[in-house]
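Below are the chains, spelled out letter by letter.
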Amino acid sequence: MFSISKLLLLLNASEETSLRALESLMTEFFHDCTTNERKREIEELLNNFAQQVGAWRFCLYFLSSTRNDYVMMYSLTVFENLINKMWLGVPSQDKMEIRSCLPKLLLAHHKTLPYFVRNKLCKVIVDIGRQDWPMFYHDFFTNILQLIQSPVTTPLGLIMLKTTSEELACPREDLSVARKEELRKLLLDQVQTVLGLLTGILESVWDKHSVTAATPPPSPTSGESGDLLSNLLQSPSSAKLLNQPIPILDVESEYICSLALECLAHLFSWIPLSASITPSLLTTIFHFARFGCDIRARKMASVNGSSQNCVLGQERGRLGVLAMSCINELMSKNCVPMEFEEYLLRMFQQTFYLLQKITKDNNAHTVKSRLEELDESYIEKFTDFLRLFVSVHLRRIESYSQFPVVEFLTLLFKYTFHQPTHEGYFSCLDIWTLFLDYLTSKIKSRLGDKEAVLNRYEDALVLLLTEVLNRIQFRYNQAQLEELDDETLDDDQQTEWQRYLRQSLEVVAKVMELLPTHAFSTLFPVLQDNLDVYLGLQQFIVTSGSVRDPSGDVLLLQRQEAPATAAVLASCEPGFWLRTLPLWECTDHQGAAPVLSVCPLVSPEEWLLCREQKVLEVYPGSRLPLDIQELVKVTLYGSQIKLYNIETAVPSVLKPDLIDVHAQSLAALQAYSHWLAQYCSEAHRQNTQQFVTLISTTMDAVTPLISTKVQDKLLLSACHLLVSLATTVRPIFLISIPSVQKVFNRITDASAQRLVDKAQVLVCRALSNILLLPCANLSESEQQWPMRSVNHANLIFALSRDYRNLKPTAVASQRKMPLDDTKVIIHQTLSVLEDIVESVSGESTKSRQICYQSLQESVQVSLALFPAYIHQSDVTDEMLSFFLTLFRGLRVQMGVPFTEQIIQTFLNMFTREQLAESILHEGSTGCRVVEKFLKILQVVVQEPGQVFKPFLPSIISLSMEQVYPIIAERPSPDVKAELFELLFRILHHNWRYFFKSTVLASVQRGAAEEQMENEPQFSAIMQAFGQSFLQPDIHLFKQNLFYLETLNTKQKLYHKKIFRTTMLFQFVNVLLQVLVHKSHDLLQEEIGIAIYNMASVDFDGFFAAFLPEFLTGCDGMDANQKNVLGRNFKMDRDLPSFTQNVHRLVNDLRYYRLCNDSLPPGTVKL
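Values in this document were obtained by computation on a predicted structure and should not be read as measured data.

**Student:** Mind showing me how you'd approach the overall build of the chain here?
**Tutor:** Broken down by element type, the chain carries 55 helices and 4 strands. Counting across all 1166 residues of the chain, residues that qualify as buried make up 55%.

See below:
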C-alpha cells in the first residue's frame, strides 16, 4: 500500500513511474477490501494531482499508454475538469496541443477503446469545441463531417455528431447567453448538411441490402395492400414502396443505422420543422420503422437458434424503436409551419400504414398474437405516436379529405382491444379519452353541427362503449380480469382492479355524455337481466329458527345451494351494473367506500350537476323512470331479506359480494338525487302520491341499515343516501315518515349505542338538514318553521347533553370524570356540531337563525371551557375548529357583542408564552392550534364595515410581536403560511387603515401622495414578507410572492411612496439574488414577472441607479465583467424583453463567477 508521501514522490517522477503508481492506486481504490478512510485519502490525493499545473500532460501519456479502464476514465475526468472549469487560464500553446492530441488519440484507438472510454473521450473533445469553435477550433465540425463521410470512421463520426447535438444545442449554464446563442446559430447553419448526410447513410444501407432481399419467395404478408391502405396513402406507388420486403442487415450496417437514427432523434428534439426535413428523409425513417413490426425476422432469428441471430433479431427491433422515436420527436411539436403540413400528412399516412400492418388479421396470426410478438418498447413508442396524434394534431388533420379519420378509429379500436398487456390497454384508453374530450369540445364550439359530428362518429362510439363494457365483465373477459390484483395498493391508493375499472368507466362516462339515450338503452336491459337473477336469490335462503340475534333472524344459505348462488353472482355481476348505471344519469360515489369516482378531478356535487341535464333529456317532465323504481326495489329487497347477515359455509367468498351489491344499489340510487329534486318540484302539481311512495319506500330500505349491527361499508352507504335525500331532494314530509322518526328517536336516545364516528356525523347532518333546509317550491308559510325549529332544538339538546354538563369547575384538578372520558365527550359532540354548522353555512338566513338558536348554549359552554383546556392542545384544536366553522357560517347570527367576547377571550388566552408553548413544545398538534387561531383572525379581519376594526391593532400586534418572532427563524414551515395569509388579509381588506384617502382629497391633491397612517406596522409587515423570500420553503415563497403581486394589482402597492422610496429596490435585490443562487428555480418565471412589475414603477431609477449599484455589490467578478453585464442589459420596457434580460443577466453573472473561481491564482483576466 502506498503512503501519501511516497505517492507524491512517484507522481512527480517520470511518466512511466507515475503511470504504474496511478494504476496501482486506482486498483486499490476499487478493491473490495479497501476501507472508506483509505478511499478518502486516495480521492483527496487524486484531486490534488488533478489541480496541479500541467497535470494534463501526464494524463495524455496515461491515455496513450495504459489499458487500465480506471486510469483512462480518471485521466479523461482531469481533462473534462480542465476544459469546463479552467480553460480560460490555460495558455494558448497548451490549448493548441490539447486540441491536436486528443482527436489524434481518438482516431488512433477508437476501435480498441472500451465504449464508455471512447464516448467519454468524444465528450471531452466536444467540450473543447463548445468553448473554442469556430474562433480557435475552426475545423471542429468539419472534422466530424469528414469522419461521417469516411466509411471506416462513420460510426465514430455519428457518435461525435450526437454528442455535439447534446452538448451544444442545449448547453449547461457554464456558458454565457451570447455564447449559447452563437452555438445554436452555428449548429442551425449545419442542419441541412447534417440531415443530408444522415439521409444518405440510411438510404445507402437500405438500397444496398434491398438488392439481396428482393429475391425470396413472397410471404403471406408481403403483398398486403387493401382498400384501407389505399385510402391512407392516396398513392399506389407509395403503398407498393412500403410493401417491399424488409432487407436483412449485417451487424455493422445495423450499428451504423442505429447511430444515425439516434442522431436524428436528438436533432429533431431541437431543430424547427422546416424544408430541411425532406420527404426523402421521412420516407427513409418510415422504412426503418417497419423493422419494429417485422415478425418474420424475429422468428427467423429465434428459429436459427444461435445467440448471434437472437441478438440480430433484437437489433432489428431496436431499429424500429429508434425510427419511431424520430417520428415522435417530430409529432411532439405543436407549432407547425404551413409549408410543413403536407409533410405531416404524409407522416400520418405512412404511420397508419404501419398500424394497419400490425392490426391485420391473416391465417398465420391473430392481431393479439402479432402484438405479443413485437418488441414491447416498439408498442410503447407506437402508442406514444397515437397519443401525440390525437392530442396535438387531430384537429389539424381532420379537415383533410385525404385522411380518413373514421378508418383510423377502426384501426385504433383493433389496436386497443388486442393489447397484450394491461398497461398497454390503459395507455390506449387514455388515447380514447383524449379523442372523446376533443369531440366534446368540438361539439360545444359548433352546436349547430352537433348532429352531423355525432352521426359521423356514432358507430365508432357505440362500438367503443360496447367493447369497454364487455372488457369489465367476467362473462366476456374472465381470463384477463382474474389476472388483476385486487389487494396491493399503488401510489394512488388503488388496486390494479380498481384502476382497470376506473379507467374503463371514465371512457364509458364520456361516451354517455355524447350519446346519453343510446348509452342508456345499451346499459339498462343488461342491468335488468342481471337484477332478475339477483332478485331470485331469495329462493336459496332459509331463516334459521334456532339462531337469533337482537336485530332479527340470521339468514342461512342452504349448504347445498351455496355453489349455485356463488355462480349466479359471478355470472350476473349486479354490483358492476349498479356501479355503471349512475354514470349515465349522474353520480355521487360517496355511498360505498370501494366505489370509485368516475371523474376524480371534480367534486361529486359538480359531477351531479353536470349530469342533471342528461337525465332530463331522457325523462322530461315528471315521468318516473323504470330504472329508479328498479333501484328502489333492489335496495329494499336487500334490506328486507338482510343479505348482509347471511351465513354460509365459506363466508369470506360470498358474504362480501352480497354486501358490495347492496352498497352499490344504495350508491346508484343516491346518484339520482338531483333528478329526484327536479321530480319533487314537479310532483307538487301532479303525481304527488307516487313521489311520496317512492321516498317512503326508499326510507324503508335505508333506515334498517342505520345500526351498529350492520357492516361499516353498508352503514356508510345508507348514511350518504340519507344525506343526499335530506340535502338535495328536501321533501317536506321526510320527517313525518315513520322510519325516519325511528332514526330520529334512536339518535336522540341517550341509552342507544352510538354509531361509528363517521356514520354518526352523517346521520346527524341528515336529520339536521331535514329540519333546517327550506323545501323547493314552497312558500315561507308552508315551510312549517315553528315545528321544525322545536324539533331541531330538541335534536341539538339531545346530541349535546353530556357536553353541556361539562362546566369549567368540572375540569379543574378535582374533576369528577377522568380527563380521557371528558376528551371523548368533547370530540364526539364538537365533531357533530361542527358538521351541522358547516352544512348549513351557505343556506338561507332562516335556516342559519334556527341553527344558531339551537346551538347557542353549546357555543357558550365551549367558550367557557376553552380557558380550562388551553394547555390540552388536542382539545383546543377541536374547539378552535368548531369556532372557526361558527365564524365562517354563523357570525352574523352570533351577533356583535358575543363575537367580540370570543375574539377578546382568544386574544387574552394566546399570550406569547402560550404561543411559544404551542409552537415549540407541543409538536404538530400545537402548531395546528395556532394555525386555526390565525384562521379565525383571518375571518375577522375580512369582515366589512367598522364592527371589528377596533381589534385590528391588537391582531397586528399579536401577529408581529408575538407569533412572528417565534416562527421567523424556524426552518419548519408550520404556522408561517397561515400567519402570512393573515398579514395579507389585513392589508388587502383594511387598506385604509394604512392609507387614508377620500375621493375629494385625491382630487384636491391631484398627484399628491395619499396620507399614510400606522407606518411602523406597515413597514414591519413588509419586512416580514421580504425576510420570507430568504428562506428555503418554496411553497411559502410562492404564496407570498403571489400576495405581493395581488396587493399591487388591487391596491397599487409598488406605487405607494413608502414602498417606492424605501422598499422597492430592496425587494428587487432579494429576488435577483434568489435567481442568482438558484434556490427557487421552479419559480423563475413568477420571480421575473414580479421584478418587472416592481421595476416598471421607476424604470429610469432601475436602469440608472439600481442596476449599477446591484452589479457593484456583486462579488466574484472584476470591474470589466460588471461593465459587460451592465451593457448587455438592454433598456427594454416590455415584459417579455425585460424578463429575458433579467435571466440573461443572472446566467452571465453565474458564468463569470464560475470562470473566475476556477482560474489559477495570479491569472490576469482580460
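We are not done yet, so read on.
**Student:** How should the nonpolar core be read in this particular structure?
**Tutor:** The nonpolar side chains of a soluble globular protein tend to be buried with one another. The biggest cluster of nonpolar side chains holds 185 residues, and the ones touching the most others in it are Phe 1018, Met 1022, Phe 1025 and Phe 1138. Formed jointly, this core draws a minimum of three residues from each of two domains, domain 3 (895-993) and domain 4 (1011-1158). If you look at the next biggest cluster of nonpolar residues, it comprises 172 residues, including Ile 98, Trp 270, Phe 291 and Leu 436.

**Student:** Can you walk me through helix α51 (residues 1064-1077) in this structure?
**Tutor:** Along an α-helix, residues three or four apart share an orientation, since each turn contains 3.6 residues. Between its first and last C-alpha, α51 extends 20 Å over 14 residues, near the 20 Å set by a 1.5 Å rise per residue. Of the positions making up α51, those classed as buried are Leu 1064, Phe 1067, Val 1068, Val 1070, Leu 1071, Leu 1072, Val 1074, Leu 1075 and Val 1076. Downstream of α51 by one or two residues, Lys 1078 has phi in the positive range, about 55 degrees.

**Student:** Which parts of the structure should I look at to understand the pattern of salt bridges?
**Tutor:** Oppositely charged side chains are able to pair whenever their charged atoms sit close together. In this structure the tally under the stated criterion is 37 salt bridges. Salt-bridge contacts for Arg 57 lead to Glu 97; the nearest nitrogen and oxygen are separated by 3.0 Å. Remark: Glu 97 occurs in helix α6 (residues 92-109) and Arg 57 occurs in helix α4 (residues 55-65); sequence separation between them is 40 residues. Classification of Arg 57 as partly exposed rests on a relative accessible area of 36%. Here Asp 874 ties to Lys 823 by a salt bridge, and the two come within 3.1 Å at their closest N and O atoms. Here Lys 823 lies in helix α38 (residues 819-840) and Asp 874 lies in helix α40 (residues 873-894), a separation of 51 residues in the sequence. Given the relative accessible area of 32%, Asp 874 is considered partly exposed. By relative accessible area, Lys 823 is classed as buried at 19%. One continuous salt-bridge network, built from bridges that share partners, spans Glu 80, Lys 120, Lys 123, Asp 127 and Arg 130.

**Student:** I would appreciate a short explanation of the packing of aromatic side chains in the present structure.
**Tutor:** For any pair of aromatic rings, geometry is given as the distance between the ring centres together with the angle between the planes. Under the definition given, this model contains 67 aromatic pairs. Measuring from centroid to centroid gives 5.8 Å for Phe 1102 and Phe 1129, while their planes differ by 55 degrees, and the two rings are tilted. Of this pair, Phe 1102 sits in helix α53 (residues 1099-1112) while Phe 1129 sits in the loop between α54 (1119-1128) and α55 (1135-1158), placing them 27 residues apart in sequence. The buried category is assigned to Phe 1129, whose relative accessible area is 5%. Among the aromatic residues, those joined into a cluster by ring pairs are Phe 1065, Tyr 1092, Phe 1099, Phe 1102, Phe 1103, Phe 1106, Phe 1110, Phe 1129 and Phe 1138. The aromatic ring of Phe 797 is capped on one face by Arg 804, whose charged end is 3.8 Å from the ring centroid. The ring of Phe 995 carries the charged tip of Lys 1056 above its face, separated from the ring centre by 5.5 Å.

**Student:** Honestly, α6 in this entry has me stumped. Any pointers?
**Tutor:** If you check α6, its first and last C-alpha atoms are 26 Å apart, about what 18 residues at 1.5 Å a residue would give, namely 26 Å. What α6 keeps buried is the set Asp 94, Lys 95, Ile 98, Arg 99, Leu 102, Leu 105 and Leu 106. Each buried residue of α6 lies within a common arc of 145 degrees when the element is viewed along its axis, so the set occupies one face. In α6, the exposed positions that point more than 90 degrees away from the buried face belong to Ser 92, Gln 93, Lys 104 and Ala 108. Of the surrounding elements, those touching the buried residues of α6 are α4, α5 (69-85), α7 (115-132) and α9 (154-168).

**Student:** Honestly, the packing of helix α45 (residues 976-989) against helix α48 (residues 1015-1028) in this entry has me stumped. Any pointers?
**Tutor:** Helix-helix packing is characterised by the crossing angle of the two axes and by the distance between the axes. Two elements in contact, α45 and α48, have axes separated by 11 Å at closest approach and are oriented at 140 degrees. Here α45 lies oblique to α48, going by the angle between them. For the pair α45 and α48, the crossing hand works out as left-handed. Residues Phe 980, Leu 983, Phe 984 and Leu 987 of α45 touch α48, and the partners they reach there are Phe 1018, Ile 1021, Met 1022, Ala 1024, Phe 1025 and Ser 1028. Residues belonging to the contact of α45 with α48 are distributed by class as follows: 9 nonpolar, 1 polar and no charged.

**Student:** Would you explain the state of the cysteines in this entry?
**Tutor:** Here, disulfide denotes a covalent bond that connects the sulfur atoms of two cysteines. Scanning the entire structure with this criterion turns up 0 disulfides. Residue Cys 680 stays outside any disulfide, its sulfur separated by 7.2 Å from that of Cys 775, the closest cysteine.

**Student:** Would you take a moment to explain the confidence of the model for the chain for this structure?
**Tutor:** Detailed reading of predicted coordinates is not advised where the pLDDT is low. The predicted model of the chain has a mean per-residue pLDDT of 82, with 83% of residues at 70 or higher. Considering only residues more than four positions removed or in separate chains, one finds that residues 1-8, a stretch of pLDDT under 50, has 12 contacts. Note that pLDDT drops below 50 for residues 212-233; the model gives that stretch 41 contacts with residues more than four away or on any other chain.

**Student:** Sorry, what's going on with the environment of Lys 1038 here?
**Tutor:** Residue position: Lys 1038 is located in helix α49 (residues 1034-1051). Judged by its relative accessible area of 48%, Lys 1038 falls in the partly exposed class. Taking the C-alpha atoms as reference points, Lys 1038 and Leu 1083, 45 residues apart in sequence, are found 7.3 Å from one another. If sequence neighbours within four positions are ignored, Lys 1038 has contacts with Leu 1083 and Glu 1086.

**Student:** Where do I start with the side chain of Gln 938 in this structure?
**Tutor:** Tracing the chain through its elements places Gln 938 in helix α43 (residues 923-942). Not counting residues up to four positions away in its chain, the partners in contact with Gln 938 are Glu 978, Glu 981, Leu 982 and Arg 985.

**Student:** Would you take a moment to explain the packing of α9 against helix α13 (residues 251-268) for this structure?
**Tutor:** Direction vectors running N to C along α9 and α13 enclose 15 degrees, while the axes themselves pass 9 Å from each other. Accordingly, the angle class assigned to the pair α9 and α13 is roughly parallel. Remark: the crossing between α9 and α13 carries left-handed chirality. Seen from α9, the contacting residues are Thr 154, Pro 155, Leu 158, Ile 159, Leu 161, Lys 162, Ser 165 and Glu 166; seen from α13, they are Tyr 255, Ile 256, Leu 259, Ala 260, Glu 262, Cys 263, His 266 and Leu 267. In the contact of α9 with α13, the residues fall into 10 nonpolar, 3 polar and 3 charged.

**Student:** Would you explain the environment of Ser 639 in this entry?
**Tutor:** Note on placement: Ser 639 falls in helix α29 (residues 626-640). Residues Ser 639 and Asp 700 lie 61 residues apart in sequence; the distance between their C-alpha atoms is 8.4 Å. Excluding anything up to four places from it in sequence, Ser 639 contacts Tyr 644, His 662, Ala 701 and Leu 705.

**Student:** Explanation requested: the side chain of Ser 862 in the structure shown.
**Tutor:** Within the secondary structure, Ser 862 sits in helix α39 (residues 845-865). Polar contacts involving the side chain of Ser 862 include one to the side chain of Tyr 803, which spans 2.6 Å.

**Student:** Sorry if this is basic, but what is going on with unusual backbone geometry here?
**Tutor:** Apart from glycine, the bulk of residues carry a negative phi angle, and the bulk of peptide bonds sit in the trans form. Going from Trp 133 to Pro 134, the amide bond is cis rather than trans, its omega being 0 degrees. Non-glycine residue Asn 1014 carries a positive phi angle of around 50 degrees. Here Asn 1014 is to be found in the loop between β4 (1011-1012) and α48. Taking relative accessible area as the criterion, Asn 1014 reaches 29% and is therefore assigned partly exposed. Despite not being glycine, Lys 1078 has its phi angle at roughly 55 degrees, a positive value. Within the secondary structure, Lys 1078 sits in the loop between α51 and α52 (1084-1095).

Thresholds applied
Residues numbered from 1 in each chain as written. Predicted model: local features only at pLDDT ≥ 70, side-chain atom pairs only at ≥ 80, totals over all residues. Heavy atoms only, no water. Helix = DSSP H or I, 4+ residues; strand = E, 2+ residues; numbered from the N terminus. Buried < 20%, exposed > 50% of the residue type's maximum accessible area, 1.4 Å probe, protein only. Core = buried A, V, L, I, M, F, W, Y, C linked by side-chain atoms within 4.5 Å. Domains from an automatic or database assignment. Expected span 1.5 Å × (residues − 1). Salt bridge = Lys/Arg side-chain N within 4 Å of Asp/Glu carboxyl O. Phe/Tyr/Trp six-rings, centres within 6.5 Å; stacked < 30°, edge-to-face > 60°. Lys NZ or Arg CZ within 6 Å of the ring centre and 35° of its normal. Arc of directions from axis to C-beta. Contact = heavy atoms within 4.5 Å. Axes fitted to C-alpha atoms, helices over the stretch in contact; angles between N-to-C directions. Parallel < 35°, antiparallel > 145°, perpendicular 65-115°, else oblique. Left-handed = near helix turned anticlockwise from the far one by under 90°. Nonpolar A, V, L, I, M, F, W, Y, C, P; charged D, E, K, R; others polar. Disulfide = S-S within 2.5 Å. pLDDT = per-residue confidence, 0-100. Polar contact = N/O pair within 3.5 Å; in protein donor to acceptor, adjacent residues only side chain to side chain.

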